[in-house]
Amino acid sequence: MSTPVTIRVNGRAVAVSSGRMLTTCLERLGYDLRLVAVEFNGEILHRQHWRHTRIREGDVLEVVTIVGGGLSPGRWRRT
């Protein structure tokens with residue numbers, strides 16, 4: 001059983017299991033891995049490294065989620 005550690009995710013303290021891989025941690029936090037970019041301890045971490053990156057006490061993640069949507073051009077309204 002892994003020991004819980006505290007990391008920061010988008011400025012918020014979060015408890016996760018020590019030694020867990022980044023991909024598993026992100027999924028457990030509810031992120032869709034296809035739709036995020038990750039800064040890990042101050043550096044952009046390329047997707048190819050996520051499954052080999054272990055989470056440790058004090059790590060800092062900034063996770064940016066891609067969000068689609070909006071109004072189609074023909075539906076713009078003035079307010």
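As a reminder, the structure under discussion sits directly above these lines.
Fair warning: this is a prediction, and the values are worked out from it, not measured in the lab.

## Describing the pattern of salt bridges
Consideration 1: Here the structure, examined in full by the defined rule, presents 1 salt bridge.
Consideration 2: Arg34 serves as the salt-bridge partner of Asp32, at 2.6 Å between the closest nitrogen and oxygen.
Consideration 3: What makes Asp32 partly exposed here is its relative accessible area of 28%.

## A look at the sheet that holds strand β4 (residues 43-44)
Two strands in a sheet stick together by hydrogen bonds in their backbones, pointing the same way (parallel) or opposite ways (antiparallel).
Consideration 1: Spatially, β2-β1-β5-β3-β4 is the arrangement adopted by the 5 strands of the open sheet, whose pairing is mixed. Looking at which strands have only one partner, the edges of the open sheet turn out to be β2 (12-17) and β4.
Consideration 2: For strand β3 (residues 36-40) and strand β5 (residues 60-65), the ladder comprises 5 bridges, and the chain directions are antiparallel. The residue of β5 that forms the bridge with Val36 is Thr65.

## Brief notes about unusual backbone geometry
Consideration 1: Positive phi, normally seen in glycine, also occurs at Asn10, with a value near 50°.
Consideration 2: You can see Asn10 is positioned in the loop between β1 (4-9) and β2.
Consideration 3: Classification of Asn10 by relative accessible area gives partly exposed; the value is 37%.
Consideration 4: Notably, Asn41 is not glycine yet its phi reads approximately 50°, a positive angle.
Consideration 5: Relative to the elements of secondary structure, Asn41 occurs in the loop between β3 and β4.
Consideration 6: Overall, the relative accessible area of 39% leaves Asn41 in the partly exposed class.

## Side note on the nonpolar core
Note that soluble globular proteins tend to have their nonpolar side chains buried in a common cluster.
Consideration 1: Grouped together as the largest cluster of nonpolar side chains are 17 residues, with contacts concentrated most on Ile7, Leu22, Trp50 and Leu61.
Consideration 2: Taken together, the elements giving at least two residues each to this core come down to β1, β2, α1 (22-28), β3 and β5.
Consideration 3: With residues up to four places along the chain from it excluded, the contact list for Trp50 reads Leu22, Thr23, Leu26, Leu33, Val36, Ala37, Val38 and Leu45.

Calculation criteria
Residues numbered from 1 in each chain as written. Predicted model: local features only at pLDDT ≥ 70, side-chain atom pairs only at ≥ 80, totals over all residues. Heavy atoms only, no water. Salt bridge = Lys/Arg side-chain N within 4 Å of Asp/Glu carboxyl O. Buried < 20%, exposed > 50% of the residue type's maximum accessible area, 1.4 Å probe, protein only. Pairing = 2+ DSSP bridges. Helix = DSSP H or I, 4+ residues; strand = E, 2+ residues; numbered from the N terminus. Core = buried A, V, L, I, M, F, W, Y, C linked by side-chain atoms within 4.5 Å. Contact = heavy atoms within 4.5 Å.

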